[in-house]
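These are the residues of each chain, in order.
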Amino acid sequence: MKNILVIAETFQGKIRKTSLPAVTFAAELAGKVGGEFSIALFGSGVAGLAGELTGFGAKNVYVVDAPGFANYLGGPWAKAVVALAQQAGATAVAAVSDTFSRDLLPRVAARMGAGMVSETTAIVGDGAGVKFQRPMWAGNVLGTVEVRTPTAVFGVRGTDFDPPKATGGASAVQNASIAFADDGKATYVKFEPTVSARPDLAEAAVVISGGRGLKDAAGFALLNPLADMLKAAIGATRAVVDAGICPNDLQVGQTGRVVAPQLYFAVGLSGAIQHVAGMKNSKVIVAINKDEEAPIFSVADYGLVGDAFKILPELTDAIRKHKGL
Amino acid sequence: MKILVTAKRVTDPDAKIRVKADGTGIETAGLEYKLNPFCENAIEAAVQLQEKQGGEVVAVTIGDDDAVQNLRTALAMGADRGIHVKLPDAQMDSDLAARILVKLFEQEKPDLFLLGKQAVDGDSNQVGQLVAEYLDLPQACFASKLEVAGDKLTVDRELDGGMETIQVGLPAVVTADLRLNTPRLPTLPNVLKAKRKPVQELTIDALGVDPALTVATIAYEAPPARKGGIKVKTVEELMDKLVNEAKAL
Ligand SMILES: Cc1cc2nc3c(=O)[nH]c(=O)nc-3n(C[C@H](O)[C@H](O)[C@H](O)COP(=O)(O)OP(=O)(O)OC[C@H]3O[C@@H](n4cnc5c(N)ncnc54)[C@H](O)[C@@H]3O)c2cc1C
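So, how was this worked out
- Residues numbered from 1 in each chain as written.
- Chains lettered and ligands numbered in written order.
- Predicted model: local features only at pLDDT ≥ 70, side-chain atom pairs only at ≥ 80, totals over all residues.
- Heavy atoms only, no water.
- Helix = DSSP H or I, 4+ residues; strand = E, 2+ residues; numbered from the N terminus.
- Rg over C-alpha atoms; globule rule 2.2 N^0.38 Å.
- Buried < 20%, exposed > 50% of the residue type's maximum accessible area, 1.4 Å probe, protein only.
- Contact = heavy atoms within 4.5 Å.
- Areas by Shrake-Rupley, 256 points an atom, 1.4 Å probe, with all protein chains shown as cover.
- Lys, Arg positive; Asp, Glu negative; His and termini not counted.
- Charge placed at Lys NZ, Arg CZ, Asp CG, Glu CD.
- Pairing = 2+ DSSP bridges.
- Buried area = accessible area lost by both parts, 1.4 Å probe.
- Salt bridge = Lys/Arg side-chain N within 4 Å of Asp/Glu carboxyl O.
- Polar contact = N/O pair within 3.5 Å; in protein donor to acceptor, adjacent residues only side chain to side chain.
- Nonpolar A, V, L, I, M, F, W, Y, C, P; charged D, E, K, R; others polar.
- Axes fitted to C-alpha atoms, helices over the stretch in contact; angles between N-to-C directions.
- Parallel < 35°, antiparallel > 145°, perpendicular 65-115°, else oblique.
- Left-handed = near helix turned anticlockwise from the far one by under 90°.
- Near = heavy atom within 4 Å.

Asks: Go over the overall build of chain A with me, naming the residues and quoting the values.
Replies: Scanning chain A from terminus to terminus reveals eight helices and 18 strands. Against the compact-globule benchmark of 20 Å for 325 residues, chain A has a radius of gyration of 21 Å, which places it among compact chains. Counting only C-alpha atoms and orienting by the principal axes, one finds that chain A spans roughly 60 × 40 × 40 Å. Taking all 325 residues of chain A together, the buried fraction comes to 58%. Long-range pairs, those at least 24 residues apart, make up 63% of the contacts in chain A with a sequence separation of at least 6. A total accessible area of about 12,300 Å² is found for chain A, and carbon and sulfur atoms account for 52% of it. With 30 positive and 28 negative side-chain charges, chain A shows a separation of 2 Å between the mean positions of the two kinds.

Pasting the structure below:
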């Protein structure tokens, strides 16, 4: 795993910033095993974005730009990633764990004959004995794993590695000619983006999540003025998403998004282990719940027992005054 | 349509898991085991397809001797027969599970292979995708809606940032997300019926699968605990703490 290829992701024509902590992971791993790393960018019309990736100390920034890559399909993309890894002499592939890489990377691993570590949170030790940590059982257990294959694939927890630092140098941009091998077995039909003026959950410094305690869409909407003032992202529990109050990609937890903002508000949610798995690394956690026994209080820095319908307007007011708005 | 579907045995998803003092695994005393919730969604989807258009549903579990109990739950939900590959979790990684399932796929030749998108113990989210690549099949992962028309499957996938729809030709691999359906609770008559449904026992030796692991978990520990917080009584007190103590606002 001395030559690491990082997949940078694009979303709606832009580099997805939340995919870049994998660069930090690769730089750290390269340092610990005495290797080097490069970054790869796949897509259609993405060549112009390569310049955004050249300042992080990568040896090369590979661009695979062809119309076939306009939309993602697991089979053809895995073939392309492995073809590029071979061209580049890469012995490891890494990407931040999100729905794109969770779909893609295991296929890449199978094709390379590589062991894959999902949701890597830390690199332990160095040299030939390097090992990795990853959460299991909804984050209740931290496993240390070793990769037993000569090549390796890593899904990287974005919240456990910082955004990459500018190194001053400039990586060489290489246009790799890799064809989109369409096997006709799968076709893209459509994508319906979640339209929101708010920051992305994984990028926001403040996240305000609501749970079943807010009852319905009208109750959940009480989070909006607070989120507006704090430029916060809104999150939700599975219960709220299942009820159709929120789109699925606002679900925070074991099976949804993993976030670690500076400040996390948990409002009217109980703190089920599956939810806590997605937010317990937040810097400061505030819980508002009418049940003083709610498990969320055991992970909260500041707990306020009471009725969210009464507290939310008061809190919104207090923050408005504090901000001088 | 013939459907192969997974039925993994996992620790109770709501149990508080503790690590053994010597770091060799988790404390299993008093733990209950359940069918992996995502597999329940996969089984429900398989049974619904069968109810609509006939065919056979074959459920498979890989696990220790007790895993047959969870396989029986799949049979009680409506699967026609079961396959139990005897191999404890401790001797398995995602890749080995996938290579076993590849063998079963080759044996059973289903039109559709439905799996849970992840198991709530290992949380790896790899097996369906590995199987798809090993068999060079199309995949539709994190499915929250599934429609069959002829030899094509239209699947809605829950992604970060929105909902995607793709179409895959059969045979295909689909991994189920929680919103795909609401798994049925087996009725008592169906639980009794499930006891008489055939279950084939297999070993990896018999299947000719290499037991080598690609990734081995060599130690388990409890994650660092968050230090306990405090309760505040009023919004004013909360504001004071957030502004002056945490400097978070
Ligand atoms: C396999 C699996 C995966 C899962 N993945 C996830 C996941 O990724 N994310 C996730 O969130 N969940 C997940 N869940 C679901 C999880 O187990 C819980 O069911 C869910 O998180 C509960 O949501 P909740 O806290 O909103 O609802 P509840 O548990 O019903 O809690 C509601 C809370 O609101 C409080 N309340 C009620 N009224 C008020 C009021 N007026 N003011 C203040 N407080 C009030 C109550 O005291 C209670 O604590 C998963 C479950 C399974 C089985």
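Asks: Summarise the overall build of chain B; cite the residues concerned and give the values.
Replies: Across its full length, chain B holds seven helices and 13 strands. Taken along its principal axes, the extent of the C-alpha atoms in chain B is 65 × 45 × 40 Å. Every one of the 249 residues in chain B was classed for burial, and the buried ones make up 56%. Summed over its atoms, the accessible surface of chain B is roughly 10,500 Å², and 51% of this surface lies on carbon and sulfur atoms. For chain B, the distance from the average site of its 30 positive side-chain charges to the average site of its 38 negative ones is 4 Å.

Asks: Residue-level account of the pairing of strand β9 (residues 131-136) of chain A, with values.
Replies: Within a regular strand, the side chains alternate between the two sheet faces. All names here are of chain A. With respect to burial, β9 is a largely interior element, five of its six residues being buried. Note: strand β8 (residues 122-124) against β9, three bridges, orientation antiparallel. Paired with V124 across the bridge in β9 is K131. Across five bridges, the pairing between β9 and strand β10 (residues 141-147) is antiparallel. Of the residues in β10, the one forming a bridge with F132 is V145. Linkage of β9 to β10, two consecutive antiparallel strands, is achieved through a turn of four residues, within which W137 is found at a positive phi near 45°.

Asks: Can you break down the interface of chain A and chain B residue by residue, with the values?
Replies: Between chain A and chain B, the residue contacts involve 86 residues of the former and 73 residues of the latter. Approximately 6,900 Å² of surface area, both sides summed, lies buried where chain A meets chain B, with 54% of it carried by carbon and sulfur atoms. Put simply, chain A and chain B have eight salt bridges between them. Here B:D136 ties to A:K79 by a salt bridge, and the two come within 3.5 Å at their closest N and O atoms. In this assembly, chain A and chain B are joined by 51 residue pairs in polar contact (both at pLDDT 80 or more). Partitioned by chemical class, the residues of the side of chain A that touches chain B number 40 nonpolar, 21 polar and 25 charged. Sheet topology places strand β13 (residues 186-193) of chain A next to strand β9 (residues 162-169) of chain B; seven bridges connect them, and they run antiparallel. Bridge pairing in β9(B) links A:T187 to B:Q167.

Asks: Which residues make up the side chain of B:D123, and what values do they have?
Replies: Relative to the helices and strands, B:D123 resides in the loop between β6 (112-116) and α4 (127-134). Although buried, B:D123 forms no salt bridge, and the nearest oppositely charged side chain, A:R134, lies 6.3 Å from it. Among the polar contacts made by the side chain of B:D123, one reaches the side chain of A:Q254 at a distance of 2.9 Å. Among residues more than four places away in sequence, those in contact with B:D123 are A:E119, A:R134, A:P135, A:M136, A:W137, A:A138, A:Q254 and B:Q118.

Asks: Kindly report on the environment of A:P67, identifying the contributing residues and their values.
Replies: With respect to the helices and strands, the residue A:P67 is situated in the loop between β5 (60-65) and α2 (74-88). When the C-alpha atoms of A:P67 and A:A179 are compared, they prove to be 9.6 Å apart, with 112 residues separating the residues in sequence.

Asks: Could you give an account of the packing of helix α5 (residues 223-230) of chain A against helix α8 (residues 308-323) of chain A, with specific residues and numbers?
Replies: All names here are of chain A. Interaxial distance between α5 and α8 falls to 9 Å at its minimum, and their mutual angle equals 20°. Classed by the angle they form, the pair α5 and α8 counts as roughly parallel. Handedness of the α5/α8 crossing: left-handed. Within the contact between the two elements, α5 uses L223, P225, L226, M229 and L230 and α8 uses L312, L315, T316, I319, R320 and K323.

Asks: Can you break down the sheet that holds β8(A) residue by residue, with the values?
Replies: Picture the strands of a sheet paired through backbone hydrogen bonds; they go either parallel or antiparallel. Taken in spatial order, the four strands of this open sheet run β8(A)-β9(A)-β10(A)-β12(B), and their pairing is antiparallel. The sheet is open, and its two edges are formed by β8 of chain A together with β12 (215-221) of chain B, each paired on a single side. This sheet shows a mean twist of 35° between the axes of neighbouring strands, independent of strand direction. Strands in contact with helix α1 (residues 21-33) of chain A are β8 and β9 of chain A; relative to β8(A), the strand with the most contacts, it is inclined by about 5°.

Asks: Any details on the site of the ligand? Residues and values, ideally.
Replies: Surrounding the ligand, one finds 29 residues, the nearest of these being A:R212, A:T237, A:S270, A:Q274 and A:N289. Each of chains A and B places residues next to the ligand. At 2.7 Å from an oxygen atom of the ligand is found a main-chain nitrogen or oxygen belonging to A:R212. For the ligand, a nitrogen atom lies 2.9 Å from a polar atom in the side chain of A:D307. Isolated, the ligand exposes 990 Å² of accessible area, and the fraction of that covered by the protein chains is 85%. Where the shell around the ligand is concerned, the elements lending two or more residues are α6 (238-242), α7 (273-276) and α8 of chain A together with α1 (37-53) of chain B. Residue composition of the shell around the ligand, grouped by class: ten nonpolar, 14 polar and five charged.

None of the figures reported here should be taken as evidence of function without further support.
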